[in-house]
Amino acid sequence: MPSGESPEEPTFRRTSVDEAPAILRVLESAFDRWPAFAIDVSPLDHLRWKMTPPGDTAPLHAVVELSGEVVGVQLRWIGHIEVRGTELPFDFGTDMSVHESARGKRLGSLLRDSEGERLFDQRIVGFDTVSANQQVVDMYEERQPIRRPLARWTRPLTPRAFVATHRQQGVGRLATATLRAAAHRLRPRRRAPAGQQQAWRIEPVEAFDERTDALWARVRGGYQLSRVRDAAWLNWRHLDPRAGQIEAFQAIEGDRSLGYAAFRRDGRAGRVLDLVTDPEVPGVGAVLLQHGCARLREAGCDIVDGIVSSPHRDEAALQAAGFSRREAALAVQVTRARNRAVPEILEVFEDPTTPIHLMYGDFDHG
């Protein structure tokens with residue numbers, strides 16, 4: 001730079017899916033692997049899917065430019081969420097990234113603060129899991145985060161994975177898990193009430209429809225916080241082929257959906273993205289989980305994991321399906337600064353006993 005010349009100021013602006021190629025360049029520079037799971041399409045096609053969730057098509061994503069080149073990115077995920085019976089817009093950031101050529105210029109703070117100007121003092125909910133990047137954690141500390149743990153449940157699908165999983169927590173834990181697994185196999189299976197086995201069936205979900213909308217209408221009142229799981233969002237999240245290697249199954253009785261579960265494959269690892277079950281039909285959650293685990297094992301997976309916001313009534317289904325709760329937990333957070341116009345969500349997060357429904361599928365990295 002010639003003597004006396006001022007350094008160029010970065011430019012923040014909104015953008016859309018039209019700039020996906022330039023955005024992908026930043027993402028691939030910032031992450032060792034993007035996306036962080038297996039996909040059956042190109043990264044560019046996956047990015048285009050990610051940037052176009054159902055709902056408002058106004059440009060929400062943001063970029064920062066230097067010398068006319070995109071060097072910083074903040075993508076947004078939108079939707080609707082129900083907080084204590086009130087449906088509110090939902091907007092949280094994903095993939096905040098700075099190109100390696102522009103690091104050290106506080107562009108991440110520029111992206112964060114510019115979004116704050118748009119979202120603060122609005123009844124627009126935002127939260128996310130706590131980042132594994134300590135710099136990002138520190139950047140949000142001044143906004144007074146409130147965190148709730150998310151319980152992690154795992155089920156090894158092979159003997160080798162079983163030993164490896166439980167050995168990580170000590171020989172004593174391995175021995176205890178082995179005894180529990182043996183007892184689980186030897187325990188007499190509960191016989192379903194007469195006619196129940198013929199009453200409902202498990203089938204692949206070809207399209208979420210009015211049956212799952214009706215299921216969610218029956219379920220949603222049991223939670224103080226949950227994303228609105230309507231058919232449009234579910235089809236985009238779980239069934240769009242650009243989303244990843246995902247399968248979904250549902251329990252059907254006549255023209256009613258009694259529950260569904262969605263599972264992602266990533267090499268030898270599987271993941272429960274979502275599980276929604278009718279509280280009036282005991283056992284349907286465990287059957288859906290067992291069916292999904294069998295499919296993952298057939299596809300070559302060694303282990304499957306899921307998260308729930310404990311306490312959660314479907315923890316019983318996870319346990320019945322052979323999952324065990326891990327000591328290492330994740331956490332989800334809201335910040336007081338961002339959500340001060342939505343005090344009810346701060347109250348929900350402050351009380352760890354309040355029932356909420358959050359699983360991997362609610363987050364872009366799930």
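Residues numbered from 1 in each chain as written. Predicted model: local features only at pLDDT ≥ 70, side-chain atom pairs only at ≥ 80, totals over all residues. Heavy atoms only, no water.

Description of the side chain of Asp-95
Residue placement: Asp-95 occurs in strand S4 (residues 86-98). Looking at Asp-95, its side chain comes within polar contact range of the side chain of Lys-50, at 2.4 Å. If we skip the residues at most four places from it in the chain, Asp-95 touches Leu-27, Phe-31, Trp-34, Lys-50, Val-73, Leu-75 and Asp-364. (Helix = DSSP H or I, 4+ residues; strand = E, 2+ residues; numbered from the N terminus. Polar contact = N/O pair within 3.5 Å; in protein donor to acceptor, adjacent residues only side chain to side chain. Contact = heavy atoms within 4.5 Å.)

Here's the deal with the packing of helix H1 (residues 20-30) against helix H2 (residues 43-50)
Where H1 meets H2, the closest approach of the two axes is 10 Å, and the angle between their N-to-C directions is 110°. By the criterion of interaxial angle, the relationship of H1 to H2 is roughly perpendicular. The segment H1 lies against H2, with Ala-20, Pro-21, Ile-23, Leu-24, Leu-27 and Glu-28 engaging Pro-43, Leu-44, Leu-47 and Arg-48. Tallied by class, residues from the contact of H1 with H2 come to eight nonpolar, no polar and two charged. (Axes fitted to C-alpha atoms, helices over the stretch in contact; angles between N-to-C directions. Parallel < 35°, antiparallel > 145°, perpendicular 65-115°, else oblique. Nonpolar A, V, L, I, M, F, W, Y, C, P; charged D, E, K, R; others polar.)

Thoughts on empty space enclosed by the protein
For the coordinates displayed, the defined rule picks out one cavity of 30 Å³ or more. Estimates place the volume of the largest cavity at around 30 Å³. Mapped onto the lining of the largest cavity, the elements with two or more residues apiece are strand S9 (246-253), strand S10 (256-266) and helix H10 (284-298). (1 Å grid on protein atoms, 1.4 Å probe; cavity = no way out; pocket = protein on both sides within 12 Å on 5 of 7 lines; lining within 4 Å. Points joined across faces, edges and corners; volume = space filled by probe spheres on them.)

Describing the packing of aromatic side chains
Evaluated as defined, the whole model comprises 10 aromatic pairs. Ring geometry for Trp-49 versus Trp-236: centroids 4.6 Å apart, planes at 20°, classification stacked. Remark: Trp-236 occurs in helix H9 (residues 231-239) and Trp-49 occurs in helix H2; sequence separation between them is 187 residues. Taking the relative accessible area as the measure of exposure, Trp-236 reaches 8% and is therefore buried. Between the aromatic rings of Phe-249 and Phe-263, the centroid separation amounts to 6.2 Å while the plane-to-plane angle is 50°, which identifies the pairing as tilted. Here Phe-249 is found in strand S9, whereas its partner Phe-263 is found in strand S10, with 14 residues between them in sequence. (Phe/Tyr/Trp six-rings, centres within 6.5 Å; stacked < 30°, edge-to-face > 60°. Buried < 20%, exposed > 50% of the residue type's maximum accessible area, 1.4 Å probe, protein only.)

Focus: the pairing of strand S11 (residues 269-277)
Across the nine residues of S11, seven count as buried, placing the element largely inside the fold. Relative to S11, S10 runs antiparallel, the two sharing eight bridges. Paired with Asp-266 across the two strands is Ala-269, which belongs to S11. Between the end of S10 and the start of S11, which pair antiparallel, lie two residues, with Gly-267 showing a positive phi angle near 65°. In this sheet, strand S12 (residues 303-308) lies alongside S11 in parallel orientation, the contact comprising three bridges. Looking at the pairing, Arg-271 lines up with Asp-305 of S12. Tracing the backbone out of S11, into H10 and back to the parallel element S12 gives a crossover that is right-handed. (Pairing = 2+ DSSP bridges. Right-handed = clockwise from strand over helix to strand, strands pointing away.)

Some thoughts on the pattern of salt bridges
For the coordinates displayed, the defined rule picks out 31 salt bridges. The closest approach of N and O atoms between Glu-87 and Arg-220, which form a salt bridge, is 3.5 Å. One end of the pair, Glu-87, is in strand S4; the other, Arg-220, is in the loop between helix H8 (210-219) and strand S8 (225-227), with 133 residues separating them in the sequence. In this structure, Asp-278 and Arg-256 form a salt bridge, with 3.5 Å as the shortest nitrogen-oxygen distance. In this pair, Asp-278 sits in the loop between S11 and H10 while Arg-256 sits in strand S10, placing the two residues 22 residues apart along the sequence. With a relative accessible area of 3%, Asp-278 lands in the buried category. (Salt bridge = Lys/Arg side-chain N within 4 Å of Asp/Glu carboxyl O.)

Examining the confidence of the model for the chain
Reading fine detail from the predicted coordinates is not recommended where pLDDT is low. Summing up the model confidence of the chain, the mean pLDDT is 87 and the portion of residues at 70 or higher is 87%. Counted against residues more than four places away or in other chains, residues 1-6, with its pLDDT under 50, gives two contacts. Taken as a whole, residues 174-179 scores under 50 in pLDDT and shows seven contacts with residues more than four places along the chain or in a different chain. (pLDDT = per-residue confidence, 0-100.)

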